[in-house]
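Below, each chain spelled out in residue letters.
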Amino acid sequence: MQGLLKQPQQMAQPKQPEEALVDAQQPNEAQQEPVAQPEQDDGADDPSLATAIDFVKRALYETGSADSVHATMKVSRQPAEDMALIAYELTSIADEKTEGQVPDELLMTLAASVLSEVAEIAEASGVKLQPSDVASALKIMTLRFLGEMGHDTRELQAAFDQVSPEQVNQIAMEAGDV
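Residues numbered from 1 in each chain as written. Predicted model: local features only at pLDDT ≥ 70, side-chain atom pairs only at ≥ 80, totals over all residues. Heavy atoms only, no water.

Asker: Quick question: what am I supposed to make of the pattern of salt bridges here?
Answerer: Inspection of every chain in the model, using the stated rule, returns six salt bridges. Between R144 and E148 there is a salt bridge, with its nearest N and O atoms 3.4 Å apart. Separated by four residues within a single helix, R144 and E148 lie in helix α7 (residues 131–148), roughly one turn from each other. For E148, a relative accessible area of 53% gives the class exposed. (Salt bridge = Lys/Arg side-chain N within 4 Å of Asp/Glu carboxyl O. Helix = DSSP H or I, 4+ residues; strand = E, 2+ residues; numbered from the N terminus. Buried < 20%, exposed > 50% of the residue type's maximum accessible area, 1.4 Å probe, protein only.)

Asker: How should I be thinking about the packing of aromatic side chains in this particular structure?
Answerer: The way to describe two aromatic rings as a pair is by their centre distance and the angle between their planes. Counting across every chain of the model gives one aromatic pair. Here Y88 and F145 contribute two aromatic rings whose centre-to-centre distance is 4.7 Å and whose plane-to-plane angle is 40 degrees, an arrangement assigned as tilted. Placement of the pair is Y88 in helix α5 (residues 79–97) and F145 in helix α7, with a sequence separation of 57 residues. In this structure Y88 comes out as buried when scored by relative accessible area, which is 4%. The class of F145 is buried, set by a relative accessible area of 9%. (Phe/Tyr/Trp six-rings, centres within 6.5 Å; stacked < 30°, edge-to-face > 60°.)

Asker: How do you make sense of unusual backbone geometry when you look at a structure like this?
Answerer: Glycine aside, the phi torsion of most residues is negative, and most peptide linkages are trans. Although it is not a glycine, E99 adopts a positive phi angle of roughly 55 degrees. Within the secondary structure, E99 sits in the loop between α5 and α6 (107–124).

Asker: Teacher, can you tell me more about the packing of helix α4 (residues 65–74) against α6 here?
Answerer: In a pair of packed helices, the angle between the axes and the distance between the axes together describe the arrangement. One way to put it is that α4 packs onto α6 with a least axis distance of 9 Å and a crossing angle of 60 degrees. When the axes of α4 and α6 are compared, the pair comes out oblique. Considering the relative orientation of α4 and α6, their crossing is right-handed. Contacts between α4 and α6 pair A66, V69, H70 and M73 from the former with V118, I121 and A122 from the latter. Taken together, the residues that form the contact of α4 with α6 break down as six nonpolar, one polar and no charged. (Axes fitted to C-alpha atoms, helices over the stretch in contact; angles between N-to-C directions. Parallel < 35°, antiparallel > 145°, perpendicular 65-115°, else oblique. Left-handed = near helix turned anticlockwise from the far one by under 90°. Contact = heavy atoms within 4.5 Å. Nonpolar A, V, L, I, M, F, W, Y, C, P; charged D, E, K, R; others polar.)

Asker: Whenever I open this one, the nonpolar core confuses me. Can you help?
Answerer: Nonpolar side chains in soluble globular proteins tend to be buried together. Counting 32 residues, the largest nonpolar core has M83, L110, V118 and M141 as its most contacted members. Among the elements that take part in this core, α6 stands out by supplying nine residues, more than any other. Beyond its immediate stretch of four places on either side in the chain, M141 contacts A84, A87, Y88, T91, A111 and L115. (Core = buried A, V, L, I, M, F, W, Y, C linked by side-chain atoms within 4.5 Å.)

Asker: How should I be thinking about the side chain of N169 in this particular structure?
Answerer: Looking at where N169 falls in the secondary structure, it is placed in helix α9 (residues 165–175). The exposure class of N169 is buried, given its relative accessible area of 16%. One polar contact links the side chain of N169 to the main-chain amide nitrogen of S132, over a distance of 2.9 Å. Excluding residues within four positions of it along the chain, N169 makes contact with Q130, P131 and S132. (Polar contact = N/O pair within 3.5 Å; in protein donor to acceptor, adjacent residues only side chain to side chain.)

Asker: Just checking my understanding: could you explain the confidence of the model for the protein for this structure?
Answerer: Low-pLDDT stretches of the model should not have their predicted coordinates read in fine detail. The share of residues in the protein with pLDDT of 70 or more is 74%, and the mean pLDDT across the chain is 79. Looking across the protein, the model is least confident in helix α1 (residues 17–25), with a mean pLDDT of 39, and most confident in α5, with 95. (pLDDT = per-residue confidence, 0-100.)

Shown next, in the form of structure tokens:
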């Protein structure tokens, strides 16, 4: 990173907008070396992820599966567990339908997207969800996915257990998500 940061005495004085425009059109030594930008690839532009998410949405809203989710969630006594189960199954089916094309590192992104759809259906069904319900469902799904991938989930379970549902709800309220 040597050379990217200038010492304060070497910093140029701010230019007027028209000078900056002229300089932008004429390359100088500093402009000839590209500055590496940190990568922030969350996978949102991955075509296989987009295909899987589209499959789930079509399955829910065009084939009537949302009605089944609605019926299940309306009578649910354990909304977090039921949402996790439904979202997990939908995620697994989408992964199968895309022939496993969604990279493993994006499966949780897919699962979170599916869980979001299931939570929206649950709320539309009259289920009063707290942020901790959705967080708990995501926790259940994460542990299940990692366990099925052969990972020991005990440490992660212990870390999850250190955060109470009340703390999750409080954080969500402070962030304005409730």
